[in-house]
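Listed below are the residues making up each chain.
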Amino acid sequence: MRVLGIETSCDETSVAVLDGDGRVLSNVVSSQMEAHARYGGVVPEVAARAHLESLPAALELALAKAQTRLEDVGLVAATAGPGLIGALLVGLSAGKALAFARGIPVVGVNHLEGHLFSAFLRGNGAEPYEVRYPFHGLVVSGGHAELVRVEEDRIVPIARTRDDAPGEAFDKIGRRAGLGYPGGPVIDRVAARGRGDRYPFPVGRAGDGSRDFSFSGLKTAMLRELERRRVDGRPLEPETLDADLVDLMASFQRAIVTSLASRVDEVHGAEGIRVLALSGGVAANSELRSTLAAWGDSAGVPVFLPERAFTTDNAAMIAFAGLRRFRRHGAQDPSEAQARSRWPLGS
Ligand code: KG4
Ligand code: ZN
């Protein structure tokens, strides 16, 4: 059996084909980055139109790369939320139409659940790692920071961000520093040359005794530092940034990484983490990866880091999560698979 995955929740149009064991046979991602770069962020209307334009070619290419005919597909998994409603509708409607035309089941997948399981996927058609329950998942992206415990039949939320998501903070600072959009990958590269301990920023937390994250205080402190240096968004070359700005970027990244890693350690102390799975666009961050890997070594906890292709939005993770959901709950009535802009994990 083949699973067809479709992801259109934000700014990547992606179609993937997996086999029934979760091997990724193809994972085509068509980025709209350029369409949004001149606005400095994702414009919902532009995103929806771009998905409409890119989806047919992405579908054709994904099937061809997987040497799969539409007739071989036995299950369609499409992202149903959370995300931009117009963008979600494009992929979900296409998925439902395909399933209806072929008389096969369709599942609407939670995008965050897709990210959660992405750390277990492997490239080059290899069999995925075995998912062991319970595991703790940390999803960090442009829209989310969520720490959850994933049990066999439910997802228990532990901490989430109260304000900005870490990727959002990276993107806002990147834009204000004139480093372009998205800011995460550029700041990651710049920070590698800097001293992360030069400017100790406060490590954000919600401040009411809960475990929630908060990144807006850090973002404001950072914006003030940029202002003091008269950095105002005019384009700067990442390769020729002065040493002080490089250290500032490294310190900003260090604060985000420390905030995430210290919360993981705290939760480990409280309830014991058996396995940690990192995911989401910010899971591509080099310092976050190395910090959590080192933490896992010292705490004796296996840490799964997603391959880079599966960190940012992709349909392979949607197909994988959809397959798990289908195995557990069976087919969904197509009318149940509704697009939802909000869809908290565990609900
Ligand atoms: O998961 P994703 O593709 O989309 C959302 O669902 O939000 O994540 C995109 C986010 C962007 O904010 C981007 O700046 C961030 O992931 N990102 C990174 C890195 N690569 C991508 N952040 C930090 N370091 C990176 N290397
Ligand atoms: Zn995402």
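Residues numbered from 1 in each chain as written. Chains lettered and ligands numbered in written order. Predicted model: local features only at pLDDT ≥ 70, side-chain atom pairs only at ≥ 80, totals over all residues. Heavy atoms only, no water.

A. View of the overall build of the protein chain. Secondary structure summary: the protein chain contains 10 helices and 10 strands in total. With the principal axes as the frame, the protein chain shows a C-alpha extent of 60 × 45 × 35 Å. Looking at the 347 residues of the protein chain, the share that counts as buried comes to 53%. Restricting the contact set of the protein chain to residue pairs at least 6 apart, pairs at least 24 apart contribute 73%. Put simply, the protein chain shows about 14800 Å² of open surface, and 49% of that area lies on carbon and sulfur atoms. Across the protein chain, the mean location of the 40 positive side-chain charges is 2 Å away from that of the 43 negative side-chain charges. (Helix = DSSP H or I, 4+ residues; strand = E, 2+ residues; numbered from the N terminus. Buried < 20%, exposed > 50% of the residue type's maximum accessible area, 1.4 Å probe, protein only. Contact = heavy atoms within 4.5 Å. Areas by Shrake-Rupley, 256 points an atom, 1.4 Å probe, with all protein chains shown as cover. Lys, Arg positive; Asp, Glu negative; His and termini not counted. Charge placed at Lys NZ, Arg CZ, Asp CG, Glu CD.)

B. Representation of the coordination of the zinc ion (ligand 2) within the structure. In this structure, His111 (NE2), His115 (NE2) and Asp313 (OD) serve as the protein donors to the zinc ion (ligand 2), at separations of 2.1 to 2.2 Å. Each of the 4 donor atoms around the zinc ion (ligand 2) contributes to a set of angles spanning 90 to 145 degrees, which defines the coordination as irregular. Written as a sequence motif, the donor residues of the zinc ion (ligand 2) are H-x3-H-x197-D. Placement of the pair is histidine 111 in helix α4 (residues 111-117) and aspartate 313 in the loop between β10 (303-304) and α10 (315-329), with a sequence separation of 202 residues. Aspartate 313 carries the same exposure label as histidine 111, and that label is buried. (Donors = N, O, S within 2.8 Å, 3.2 Å for Na, K, Ca; no water. Tetrahedral: all angles 85-135°; square planar, octahedral: opposite > 155°, others 65-115°.)

C. Molecular detail of the sheet that holds strand β6 (residues 135-140). If you walk across this open sheet you meet the 5 strands as β8-β7-β6-β9-β10, and the pairing is mixed. The sheet is open, and its two edges are formed by β8 (154-160) and β10, each paired on a single side. Running over the sheet, helix α8 (residues 243-271) touches β6, β7 (145-151), β8 and β9 (276-279) and is turned about 160 degrees from β6. (Pairing = 2+ DSSP bridges. Axes fitted to C-alpha atoms, helices over the stretch in contact; angles between N-to-C directions.)

D. Fine view of the side chain of histidine 111. Of the residues examined, histidine 111 reaches a relative accessible area of 5% and is grouped as buried. Looking at histidine 111, its side chain comes within polar contact range of the side chain of serine 9, at 3.2 Å. Not counting the four nearest positions on each side in its chain, histidine 111 is found in contact with Glu7, Ser9, Thr79, Gly81, Pro82, Asp313, Met317 and Ile318. (Polar contact = N/O pair within 3.5 Å; in protein donor to acceptor, adjacent residues only side chain to side chain.)

E. Up close: the sheet that holds strand β2 (residues 12-19). Taken in spatial order, the 5 strands of this open sheet run β3-β2-β1-β4-β5, and their pairing is mixed. Strands with a single pairing partner mark the edges of an open sheet, and in this sheet they are β3 (24-31) and β5 (106-110). If you compare each strand with its neighbour and ignore which way they point, the axes differ by 20 degrees on average. Sheet topology places β2 next to β3; 7 bridges connect them, and they run antiparallel. From the neighbouring strand, valine 15 faces β3, where its bridge partner is valine 28. Helix α3 (residues 85-102) contacts β1 (2-7), β4 (73-81) and β5 of the sheet and is inclined by roughly 155 degrees relative to β4.

F. Geometry of the site of ligand 1. Contacts to ligand 1 come from 18 residues, most closely from Gly142, Asp171, Asp188, Gly281 and Asn285. Serine 141 is positioned such that a nitrogen or oxygen atom in its side chain is 3.4 Å from an oxygen atom of ligand 1. At a separation of 3.2 Å, an oxygen atom of ligand 1 approaches a polar backbone atom of glycine 184. Elements supplying a minimum of two residues to the shell around ligand 1: α4, α5 (166-176) and α6 (183-191). (Near = heavy atom within 4 Å.)

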